[in-house]
Amino acid sequence: MTSFDDLSFGARGSFAGVPKRTLDELGDAGVVIVGAPFDWGTTYRPGARFGPRAIRETDYLGPTGSRPHLDTGIDPLAILSVVDTGDIDVVPGYMDESIDRIRRAVASIARNGSVPIVLGGDHTITFPDAGGVADVIGHGDIALIHFDAHADTADTHHGMLHGHGTPMRRLIESGAVPGNRFVQIGLRGYWPPPDVVEWMRDHEMKSYFMSEITERGLDAVVDDAVAHAAEGAKGVFVSVDVDVVDPGSAPGTGTPEPGGITPRQLLDTVRRLGHELTVVGADVVEVCPAYDTADITALLANRVVLELLNGMARRSLGV
Ligand code: MN
Ligand code: MN
């Protein structure tokens, strides 16, 4: 179901050198890294199938399996017992079958009591990522904090249900994550059209546009997001589309939109979410190495995972 070395575009080494484990031998792993090298839901530049490999390989410390944080001294890889189960055996070009396989793999990680962190892949995968976690924790019981330039709430993808512009709509319509448990951060630009924005409001999604972030400051917006996501939910799924960051600092992505947040803001915010909320799953998506320069975007995605883990480790230690 997951593997290293099987897919031509898939994983080779593990994330930061953490132990490799099959889905059957996760044991007491607190966090499980898993790749979803899937990009047949993209609408513009393809290539995010190479994201999981690039995110894992962007690592100049080598495979130490240890990453103490300079500020806190905390090594989240050891504290959380992080393992890597390789990449899900997706089938290039087969949308429904690949989505089913991703959902089953993510659910089996959650069922083991571990937190899945999925490396994408285009944003289509958040439907089976958050859906797979909700299958275990309960439909309607998790909140979702979504970083993105785009709302990803379109009704259809060229007339079809699945694509990287529709996963949030599918999660809401299926009942896995209700609209009123959604928080979106960083939306900007010229998409989606007004009727879709109206649908989002009708479904009580909390959507923070860049204009509001600029006006109030990101910290104040995140204060609201944390309070809203914590209210009544059993846990939070964090979905990070790297295009939330300005393309000047994250060029390696499929649908870049100028005017985003900074890498520093994203890293500090995900660490804060890991510390202040019960994170039950996460994904980092839309890294497209063919359009990257000097690994800028892959490096950022790698550090997003590490900073989230740092926050989660602090929370588990109660410090
Ligand atoms: Mn997206
Ligand atoms: Mn996006």
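Look above for the structure.
Calculation criteria
- Starting from 1, residues in each chain are numbered consecutively following that chain's sequence as written.
- Chains and ligands are labelled sequentially in the order written, the chains with letters from A and the ligands with numbers from 1.
- Whole-chain, interface and lining totals are the exception, using all residues; otherwise, since this is a predicted model, local features are given only for residues with pLDDT of at least 70 and side-chain atom pairs are given and counted only at 80 or more.
- Calculation of side-chain values draws on the structure's entire complement of heavy atoms; hydrogens and water are dropped beforehand.
- For Na, K and Ca the donor cut-off is 3.2 Å, while for other metals it is 2.8 Å, and in both cases only N, O and S atoms qualify; water is not among them, so sites may look incomplete.
- Where helices and strands are cited, they refer to DSSP runs of H or I of at least four residues and of E of at least two residues respectively, numbered from the N terminus.
- Relative accessibility decides the category of a residue: with a 1.4 Å probe and only protein chains considered, values under 20% of the type maximum give buried, values over 50% give exposed, and everything between is partly exposed.
- Working convention: axes come from line fits to C-alpha atoms, limited for helices to the stretch in contact. Angles between N-to-C directions cover 0 to 180 degrees.
- Geometric relationships in this document are graded by angle, where less than 35 degrees denotes roughly parallel, more than 145 denotes roughly antiparallel, 65 to 115 denotes roughly perpendicular, and other angles denote oblique.
- Each helix crossing is assigned a hand: it is left-handed if the near helix lies turned anticlockwise from the far helix by less than a right angle, otherwise right-handed if that turn is clockwise.
- Pairs of residues are marked as contacts when any of their non-hydrogen atoms sit within 4.5 Å.
- Ten residues, namely Ala, Val, Leu, Ile, Met, Phe, Trp, Tyr, Cys and Pro, are considered nonpolar, four, namely Asp, Glu, Lys and Arg, are considered charged, and the remaining ones, Gly among them, are considered polar.
- For two strands to count as paired, DSSP must find a minimum of two bridges between them.
- Residues enter a nonpolar core if they are buried and are Ala, Val, Leu, Ile, Met, Phe, Trp, Tyr or Cys, with the set joined through side-chain atoms within 4.5 Å.
- The rule for a salt bridge is simple: a side-chain nitrogen of Lys or Arg has to be within 4 Å of a carboxyl oxygen of Asp or Glu.

*Asks:* How do you make sense of the coordination of the manganese ion (ligand 2) when you look at a structure like this?
*Replies:* Ideal geometry at a metal gives 109.5 degrees between four tetrahedral donors and either 90 or 180 degrees between six octahedral ones. The protein atoms that coordinate the manganese ion (ligand 2) are Asp148 (OD), His150 (ND1), Asp241 (OD), Asp243 (OD) and Asp243 (OD), at distances of 2.0 to 2.5 Å. Between the manganese ion (ligand 2) and the manganese ion (ligand 1), both coordinated by Asp148, there is a metal-metal distance of 3.3 Å. On the criterion of sequence distance, the pair formed by His150 in the loop between strand 5 (142–147) and helix 5 (167–174) and Asp241 in strand 8 (residues 235–241) is long-range, its members being 91 residues apart. By the burial criterion, His150 is buried, and Asp241 matches it.

*Asks:* How do you make sense of the packing of helix 8 (residues 218–230) against helix 9 (residues 263–276) when you look at a structure like this?
*Replies:* Angle between the axes and distance between the axes: these two values describe a pair of packed helices. The geometry of helix 8 relative to helix 9 is characterised by a closest axis approach of 11 Å and an angle of 25° between their N-to-C directions. The orientation of helix 8 with respect to helix 9, classified from their angle, is roughly parallel. Remark: the crossing between helix 8 and helix 9 carries right-handed chirality. Between helix 8 and helix 9, the residues in contact are Leu218, Asp219, Val222, Asp223 and Val226 and Gln265, Thr269, Arg272, Leu273 and Glu276, respectively. Looking at the contact of helix 8 with helix 9 residue by residue, the classes come out as four nonpolar, two polar and four charged.

*Asks:* Would you mind showing me how to read the coordination of the manganese ion (ligand 1) here?
*Replies:* Looking at the metal site, the manganese ion (ligand 1) is ligated by His123 (ND1), Asp148 (OD), Asp152 (OD) and Asp241 (OD), spaced 2.1 to 2.2 Å from it. All donors to the manganese ion (ligand 1) come from one chain, and their sequence spacing reads H-x24-D-x3-D-x88-D.

*Asks:* What should I look at first to understand the sheet that holds strand 8 in this one?
*Replies:* What holds strands together in a sheet is hydrogen bonding between their backbones, with the strands either parallel or antiparallel. Read across the sheet, nine strands follow the order 1-3-2-4-9-8-5-6-7 without closing on themselves; strand pairing throughout is mixed. Two strands bound the open sheet, and with one partner strand each, they are strand 1 (2–3) and strand 7 (206–209). In this sheet, strand 6 (residues 182–187) lies alongside strand 5 in parallel orientation, the contact comprising four bridges. Paired with Leu144 across the strands is Phe182, a residue of strand 6. On the sheet, helix 4 (residues 126–137) packs against strand 4 (115–120), strand 5, strand 8 and strand 9 (279–285) and is oriented at approximately 160° with respect to strand 5.

*Asks:* Is there a simple way to explain the nonpolar core in this structure?
*Replies:* Across soluble globular proteins, nonpolar side chains have a tendency to be buried as a group. Formed by 55 residues in total, the largest nonpolar core has its most connected members in Ile145, Phe147, Ile185, Leu266 and Leu309. For this core, the leading source of residues is helix 10 (residues 296–317), giving ten residues. In this structure, Ile185 is in contact with Ile145, His146, Phe147, Asp148, Tyr208, Ile213, Leu218, Ala225 and Val244, ignoring residues within four places of it in sequence. Ranked by size, the runner-up nonpolar core spans 42 residues in total, among them Phe9, Val90, Met95 and Val106.

*Asks:* Help me understand the pattern of salt bridges, please; the structure alone is not making it clear to me.
*Replies:* Applying the stated criterion across every chain yields a total of 18 salt bridges. Note that Asp135 is salt-bridged to Arg103, the shortest N-O span being 2.7 Å. One end of the pair, Asp135, is in helix 4; the other, Arg103, is in helix 3 (residues 95–111), with 32 residues separating them in the sequence. In this structure Arg103 comes out as buried when scored by relative accessible area, which is 17%. Where Lys234 meets Asp141, a salt bridge forms, and the shortest distance between an N and an O atom there is 3.2 Å. Separated by 93 residues along the polypeptide, Lys234 in the loop between helix 8 and strand 8 and Asp141 in the loop between helix 4 and strand 5 bring together distant segments of the chain. Put simply, Asp155, Arg169, Arg170 and Glu173 are held in one network by salt bridges that share partners.

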